[in-house]
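Each chain, letter by letter, is given below.
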Amino acid sequence: MPDNKNSQHENQGNMASIEEICHATWEPVYRYIYYKVQNREEAEDITQETFVKAISYLKRGNVHPDKYIGFLKTVALNVLRDLWRKKKRRGPSVDIDVFQPVENAVPDLSEESTQRMIIENALIQLNKLNEEQRTVIELRIIKGFSTAETARIMNKKEVTIRVMQHRALQALANILKNK
């Protein structure tokens, strides 16, 4: 019987020291894992799995106290590699019903910038047209008014508006071509 009590006492002491090791090392191990995965919940899960896998080695005293952090980071890296392999084999899972491409789309800022530059350039070139030509282009093309509405606003006939628009676009094309 005394051997059994001794064994229990050693086990309790061993568990206390394992708990102390975990308490002393969890933060640097967690930070290491978080750096790799950049996700709090995933880092917490992997940290927990790392300690579960490492405890048997730590119980046996196979790791020198100075090497605990390095050992745990190695175990964590192995856990991460296993997870990455599983994800690679399975591929990412995507729930098509939940995914909404229009709402989740990220705007292409370079395209917006290019479009803004083209519009600014066109406005500069548009100022090279005479006032009537600018007005016709503005009403018909930029604001989208019909020929009849544009004619009414400018107090001109529809046929005159069509001719003015045609000439304004030709003049603008020549300006842009010569630029």
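Criteria and thresholds
- Residues numbered from 1 in each chain as written.
- Predicted model: local features only at pLDDT ≥ 70, side-chain atom pairs only at ≥ 80, totals over all residues.
- Heavy atoms only, no water.
- Helix = DSSP H or I, 4+ residues; strand = E, 2+ residues; numbered from the N terminus.
- Expected span 1.5 Å × (residues − 1).
- Bend = angle between axes of the 7 residues up to and from the residue.
- Polar contact = N/O pair within 3.5 Å; in protein donor to acceptor, adjacent residues only side chain to side chain.
- Axes fitted to C-alpha atoms, helices over the stretch in contact; angles between N-to-C directions.
- Parallel < 35°, antiparallel > 145°, perpendicular 65-115°, else oblique.
- Contact = heavy atoms within 4.5 Å.
- Nonpolar A, V, L, I, M, F, W, Y, C, P; charged D, E, K, R; others polar.
- Left-handed = near helix turned anticlockwise from the far one by under 90°.
- pLDDT = per-residue confidence, 0-100.
- Buried < 20%, exposed > 50% of the residue type's maximum accessible area, 1.4 Å probe, protein only.
- Core = buried A, V, L, I, M, F, W, Y, C linked by side-chain atoms within 4.5 Å.
- Salt bridge = Lys/Arg side-chain N within 4 Å of Asp/Glu carboxyl O.

Asker: Just to check I follow, could you spell out helix α2 (residues 40-60) for this structure?
Answerer: Counting along an α-helix, one turn takes 3.6 residues, and residues three or four places apart therefore face a common direction. Over its 21 residues, α2 extends 31 Å from the first C-alpha to the last, a length consistent with the 30 Å expected when each residue adds 1.5 Å. The sharpest bend along α2 reaches about 40° and sits at Ala54. For α2, the capping residue at the N-terminal end is Asn39, with a side-chain oxygen 3.0 Å from the backbone nitrogen of Glu41. Positive phi appears at Gly61, one or two residues downstream of α2, with a value of about 75°.

Asker: Even after reading the chapter, I still don't get the packing of helix α7 (residues 147-154) against helix α8 (residues 158-178), so can you show me in this structure?
Answerer: In a packed pair of helices, the relevant descriptors are the angle between the two axes and the axis-to-axis distance. α8 packs onto α7 with a crossing angle of 100° between their chain directions and a minimal axis gap of 8 Å. As far as their axial angle goes, α8 and α7 are roughly perpendicular. Contact residues: Thr147, Ala148, Thr150, Ala151 and Met154 in α7; Glu158, Ile161, Arg162 and Met164 in α8. For the contact of α7 with α8, a count of residues per class yields five nonpolar, two polar and two charged.

Asker: Just checking my understanding: could you explain the packing of helix α6 (residues 131-142) against α7 for this structure?
Answerer: As a packed pair, α6 and α7 sit with axes 10 Å apart at the nearest point and diverge in direction by 140°. Relative to α7, the element α6 is oriented oblique. In this structure, the crossing between α6 and α7 has a hand that is right-handed. For the pair α6 and α7, contact is made by Glu132, Thr135, Val136, Leu139 and Arg140 and by Thr147, Thr150, Ile153 and Met154, respectively. A breakdown of the residues in the contact of α6 with α7 according to their chemical character gives four nonpolar, three polar and two charged.

Asker: I keep staring at the confidence of the model for the chain and nothing clicks. Help me out?
Answerer: As a note on interpretation, predicted positions should not be read in detail where pLDDT is low. Overall, the predicted model of the chain reaches an average pLDDT of 79, with 76% of residues at or above 70. Between the elements of the chain, mean pLDDT differs from a low of 62, seen in helix α4 (residues 101-104), to a high of 92, seen in α7. Below a pLDDT of 50 lies the segment residues 1-13, which in the model reaches zero contacts outside its immediate sequence neighbourhood of four places, other chains included.

Asker: Could you clarify how one ought to interpret the side chain of Gln165 in this entry?
Answerer: Within the secondary structure, Gln165 is located in helix α8. A relative accessible area of 16% places Gln165 in the buried class.

Asker: Looking at this structure, how should I read the nonpolar core?
Answerer: Grouped burial of nonpolar side chains is what soluble globular proteins tend to show. Of all hydrophobic cores here, the largest spans 20 residues; its most connected members are Ile33, Val37, Ile46, Ala54, Leu58, Phe71 and Leu72. Counting residues per element, the ones that place at least two in this core are α1 (2-37), α2 and α3 (68-90). In contact with Leu72, not counting residues within four places along its chain, are Thr25, Val29, Thr50, Phe51 and Ala54.

Asker: Can you walk me through the pattern of salt bridges in this structure?
Answerer: Once their charged atoms are close, side chains differing in charge can pair, the charge on each being opposite to the other. Here the structure, examined in full by the defined rule, presents eight salt bridges. For the salt bridge of Glu44 with Arg40, the shortest nitrogen-to-oxygen distance reads 3.1 Å. On the criterion of helical spacing, the pair formed by Glu44 and Arg40 is a turn pair, its members being four residues apart in helix α2. For Glu44, a relative accessible area of 37% gives the class partly exposed. Of the residues examined, Arg40 reaches a relative accessible area of 45% and is grouped as partly exposed. Between Lys143 and Glu138 there is a salt bridge, with the nearest N and O atoms lying 3.3 Å from each other. Ionic contacts of the salt-bridge type, sharing partners, join the residues Arg40, Glu41 and Glu44 into one network.

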